[in-house]
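Structural overview for review
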Amino acid sequence: MTDLKQTLGTWQLLAFGVAGVVGASWIYTNSAFFDLYGAGGVLIGLAIGVALAACIASAYSRFTAVFPRAGGEVVFAYATLGRGASFLTGWMLLGAYVSSLAFYVTAFGYLLGNFFPWMNTIPLYTINDETVYLPVLAVGVVLTLVYFTLNWFSVKIGAQVQLLMFLAIIAGGLALAVTGFAAGSPGNLVPAFGPEAAPFADTMRFVIPGMTFLAGFGLVAVLAEDARIAPAKTGRLVVLTVLLAGGFYLLVLLATAWVLPWQEVAAMDLGTVDAFRAAGFPALGAVAYLIAVLGLLTSFLGLFVACSRVMVAMGRAGLLPSALAAVHPRRGTPHIALVFVTVITLALGWLGPGAVTWFLDTGGIYLGVVWIAVTLAYYRAPRRYPQVRGATSRWENALPGIGAAGALFVIVLALLPGTGSSLVWPAEYIILLAWLALGFVLYLGGARKPDAEALQSLTGSTAAGADRRGGHEG
């Protein structure tokens, strides 16, 4: 089985991880968040969400150091929990990734439509009260094909593009923070809750969106086989991804509540964008919108690459057709998996945001299942792979369990009607059940590999996950 080509360095992995997490809508919808939860609820709730995600990331970190292989969670689950759990983990990951990719196909065009009204012309069809326009769809198709081309020849090319966009996002965020703190006042932040608010309840209600803000932090683990740095260092980058992305969110949101009274921002339409415009910095309002555009582009690219690596892992284990595991002998890229990701993205993307939002909303459940599976694998690991846990204290070992409890909370709130985070009845419940049913059929009908052979394919030449780069330190 041919390995993927090792081309990604530290900065490229961080760019995929952090910029893949930082999305688009948070920067112009935070006015609605402030209105619902207060600035205090948003900032404290997000900080708690970051902490919970970091707890789960600690399990990812240790696994990645031992199993630096494509597919991340698929490998971890197979090595410790077996074939069924590995399939469920991979299938849930694909559900979350594919939903987001399909959404990005038209979301980019709609973002551009705020600056270029001609984007919203030539209507094609309407699904779920959302009209899909020809220019919007065309831009999304072209973008998808560009990402496919970038990664067809080498993931390093796509990584360099990702790194440039990542640096632009960081520069823009720092500009907002410096100006917001210099021109604003701490008095704009207090009182941090509205007069009729329930501070504790509002804070806890935002923990769930806060955790979903960090969705995608496992990108580094999924891309570990593409890395040319020591696995131990790759593992540490998983946790660093959560902390940097969470810190970036908190910095920009705090600056937004600092530059103007947050109650004023809560009444605006475009959150940070409108806040800086109203504060007398129209150029920075444009920078905030640019961060949204770049955040969408980086999330799209990161998930596009990661989705292909999950397919590679599932193909290696015989959980999906083995052709998906093929690696081009010269380029070292998973060419068949990349084609498949492109086809699925375009096949669902044309439905537009009205329909794709139904798929997207189930993503929180999919990711919650994945996080719980990785945590269970972590606690099961010492039976076969004691090096995963290593010499850790009881407190360190408890961290993934704390994060998994938060993930379980996400799932329960989504499945229970009337919680404010519930799935839309009946469309999203039907989609969830259909995705699970399709996975069950594929699992039963797949060509089953012997476990030893599948594990060998997943973990490489040494099933114990020895470092193929000659050491665990770097």
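Calculation rules
- Residues numbered from 1 in each chain as written.
- Predicted model: local features only at pLDDT ≥ 70, side-chain atom pairs only at ≥ 80, totals over all residues.
- Heavy atoms only, no water.
- Helix = DSSP H or I, 4+ residues; strand = E, 2+ residues; numbered from the N terminus.
- Rg over C-alpha atoms; globule rule 2.2 N^0.38 Å.
- Buried < 20%, exposed > 50% of the residue type's maximum accessible area, 1.4 Å probe, protein only.
- Areas by Shrake-Rupley, 256 points an atom, 1.4 Å probe, with all protein chains shown as cover.
- Lys, Arg positive; Asp, Glu negative; His and termini not counted.
- Charge placed at Lys NZ, Arg CZ, Asp CG, Glu CD.
- Polar contact = N/O pair within 3.5 Å; in protein donor to acceptor, adjacent residues only side chain to side chain.
- Contact = heavy atoms within 4.5 Å.
- Expected span 1.5 Å × (residues − 1).
- pLDDT = per-residue confidence, 0-100.
- Pairing = 2+ DSSP bridges.
- Core = buried A, V, L, I, M, F, W, Y, C linked by side-chain atoms within 4.5 Å.

1. A closer look at the overall build of the chain
Assigned secondary structure in the chain consists of 19 helices and two strands. Taking 2.2 N^0.38 as the reference for a compact globule, 474 residues should give roughly 23 Å; the C-alpha atoms of the chain span a radius of gyration of 22 Å, in line with that estimate. With respect to the three principal axes, the spread of C-alpha positions in the chain is 60 × 55 × 40 Å. Buried positions account for 58% of the 474 residues belonging to the chain. Split by element, the accessible area of the chain, about 17,800 Å² in all, is 70% carbon and sulfur. Positive and negative side-chain charges of the chain, numbering 23 and 19 respectively, have mean locations separated by a distance of 17 Å.

2. Observations regarding the side chain of Asp 274
Counting through the fold element by element, Asp 274 comes out in helix α11 (residues 271–278). In this structure Asp 274 comes out as buried when scored by relative accessible area, which is 18%. In terms of polar contacts, Asp 274 uses its side chain to reach the backbone amide nitrogen of Asp 269, at 3.3 Å. Leaving out residues up to four positions away in the same chain, Asp 274 has contacts with Met 268 and Asp 269.

3. Quick word on helix α5 (residues 134–153)
In this model, α5 (20 residues) spans 29 Å end to end at C-alpha, consistent with the 28 Å of a helix rising 1.5 Å per residue. If you check which residues of α5 are buried, you get Pro 135, Val 136, Leu 137, Gly 140, Leu 143, Thr 144, Tyr 147, Phe 148, Leu 150 and Asn 151. For α5, the elements touching its buried residues are α4 (83–112), β1 (123–127), β2 (130–133), α6 (155–183), α12 (282–316) and α13 (335–349).

4. Some thoughts on the confidence of the model for the chain
In the predicted model, the chain carries a mean pLDDT of 90, and the fraction of residues at 70 or more is 97%. Below a pLDDT of 50 lies the segment residues 462–474, which in the model reaches 41 contacts outside its immediate sequence neighbourhood of four places, other chains included.

5. Observations regarding the pairing of β1
Two elements, β1 and β2, share four bridges in a ladder whose sense is antiparallel. Residue pairing for β2: Thr 126 is matched across the bridge by Thr 131. Joining the antiparallel neighbours β1 and β2 is a turn of two residues, in which Asn 128 adopts a positive phi near 55 degrees.

6. Considering the nonpolar core
Trp 26, Tyr 60 and Phe 217 are the most contacted members of the largest nonpolar core, which has 156 residues in total. Looking at which element gives the most residues to this core, the answer is α12, with 21 residues. Sequence-distant contacts of Trp 26, that is, excluding residues within four places in its chain, are made with Phe 213, Phe 248, Tyr 249, Val 252, Leu 253 and Ile 291.

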